[in-house]
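# Examining the three-dimensional arrangement
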Amino acid sequence: MIPRINERTHTPHDPLSEALGRPVPFEGGLAEDTVITYWPGLDDYTLDDEQASWTAAQWAQHLEEPLLEHPFAASPKDDRRAIFHLDVRLHPKDRDLSRAEWAETAHRVARTAGIEIPGGTNGCHWIAVQGRPGRLDLIANLIRLDGAWQPQPADLPQRLAGEARRIEHDLRLTRLPVAPQQPATVRAAPTSATQFAAVLSQLADEQDGPLAAVRALIEHTAHRIARQPGAQGPGTAHRLEWIARRLHGIQQDIDATASTLRQAAGPTASLPRMPTPSPPVPAARSPR
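No experiment lies behind these values; they were computed from the predicted model shown.

Helices and strands together make up the secondary structure of the protein chain, namely seven helices and five strands. Starting at the N terminus, the α and β elements of the protein chain follow one another as β-α-β-α-β-α-β-β-α-α-α-α. A sequence separation of at least 24 residues applies to 76% of the contacts in the protein chain between residues at least 6 apart.

What follows is the structure, encoded as structure tokens:
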């Protein structure tokens, strides 16, 4: 079983499309077994088995609600990309798991990722989707019901890998070998090229870089404007989306330049961590 953490996003539509293997359909309910399990608190707000007939668009709306209810909630780094997405994949030789086994896996992974807090009343909206054979996708909103940002373990990849090994043992799945720890190697002192590469890499960084913060603000504004009444909304939102795409292309060009500098510096050169500039602070917005 291999867990993989995907890049966080502003909306759940792309992660849900990735989980289903197709664009999110806006009409028609999902297959009954597609959503294996979900945030336990959802049952307190809906009728019995109401979720069984929800469309993919309704599930996406459920995941997006905390973003709309708390328009100023953000991570400690002022990041509004609250949609967390991870997937786990079985070994090709593994047997098919039952719905109950997938549900157990989903809850264990959700607890390991810090998404599900046992006994918590203000937790995260999350769902587990089994839209492709041998694969489970967990999609969550890191903004809690109380508007706080849900922290996750700093060593999340290591914790997920350890839980995957335990799930393999408990469900009698193919055990993946643990990679031996590599001995420490002596690294060369950083050169000018590696220092410049570090600056460019942080500028283009998709998680904490300033360009990503600007792009996030543009994408969020486009998303909000598209929902406003009036004929100007869709056109303005479309122009903002194109601006965000061009900015993403600039990030990719900067990252490619950084890679070229790193290759020129040699494989043994270390990459220093440069001071990260503070992301732009958006102007205060009026309440919805």
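Tallying each qualifying case throughout the model produces two aromatic pairs. Residues Tyr38 and Trp59 carry aromatic rings whose centres are separated by 5.7 Å and whose planes lie at 40° to one another, so their mutual orientation is tilted. Placement of Tyr38 in strand S2 (residues 35-38) and of Trp59 in helix H2 (residues 56-69) is noted, with a sequence separation of 21 residues between them. Trp59 matches Tyr38 in its accessibility class, with the two residues each being buried. Ring geometry for Trp54 against Trp59: centres 4.7 Å apart, planes inclined by 65°, an arrangement best described as edge-to-face.

With that settled, consider the sheet that holds strand S4 (residues 126-132). If you trace the five strands from one edge of the open sheet to the other, you get S1-S3-S5-S4-S2, paired in antiparallel fashion. Every interior strand has two partners, whereas the edge strands, strand S1 (2-5) and S2, have only one. Each neighbouring strand pair of the sheet contributes to a mean axis angle of 20°, computed without reference to strand direction. Of the strand pairs in this sheet, strand S3 (residues 83-89) and strand S5 (residues 135-141) are connected by seven bridges, and their pairing is antiparallel. Across the sheet, His85 pairs through a bridge with Ile139, a residue of S5. Docked against the sheet, helix H1 (residues 13-20) engages S1, S3, S4 and S5, running at close to 35° with respect to S4. Packed on one face of the sheet, H2 meets S2, S3, S4 and S5 and runs near 35° to S5.

Okay, the pattern of salt bridges next. Note on pairing: side chains with opposite charge can pair once their charged atoms come close. Scanning the model with the defined rule gives 19 salt bridges in all. For Glu18, the salt bridge identified is with Arg135, shortest N-O distance 3.2 Å. Placement of Glu18 in helix H1 and of Arg135 in strand S5 is noted, with a sequence separation of 117 residues between them. Of the charged contacts, one joins Glu101 and Arg95 as a salt bridge, the two residues approaching to 2.9 Å between their closest N and O atoms. Judged by its relative accessible area of 17%, Glu101 is buried. Connected via shared salt-bridge partners are Arg4, Glu18, Asp87, Arg89, Arg132, Arg135 and Asp137.

This part is about helix H3 (residues 99-112). Helix length check: H3 (14 residues) gives 20 Å between terminal C-alpha atoms against 20 Å at 1.5 Å per residue, within 8%. In terms of burial, H3 is a largely internal element, ten of the 14 residues being buried. Glu101, Trp102, Ala103, Thr105, Ala106, His107, Arg108, Val109, Ala110 and Thr112 are the residues of H3 that are buried. Close packing links the buried residues of H3 with S2, S3, S4, S5 and helix H4 (156-170). Of the residues trailing H3, Gly114 is marked for its positive phi of about 80°.

What follows concerns H1. The set of residues buried in H1 consists of Pro15, Leu16, Ser17, Ala19 and Leu20. Along its buried surface, H1 packs onto H2, S3, S4 and S5. Backbone geometry just after H1 places Gly21 at a positive phi near 80°.

What counts and how
- Residues numbered from 1 in each chain as written.
- Predicted model: local features only at pLDDT ≥ 70, side-chain atom pairs only at ≥ 80, totals over all residues.
- Heavy atoms only, no water.
- Helix = DSSP H or I, 4+ residues; strand = E, 2+ residues; numbered from the N terminus.
- Contact = heavy atoms within 4.5 Å.
- Phe/Tyr/Trp six-rings, centres within 6.5 Å; stacked < 30°, edge-to-face > 60°.
- Buried < 20%, exposed > 50% of the residue type's maximum accessible area, 1.4 Å probe, protein only.
- Pairing = 2+ DSSP bridges.
- Axes fitted to C-alpha atoms, helices over the stretch in contact; angles between N-to-C directions.
- Salt bridge = Lys/Arg side-chain N within 4 Å of Asp/Glu carboxyl O.
- Expected span 1.5 Å × (residues − 1).

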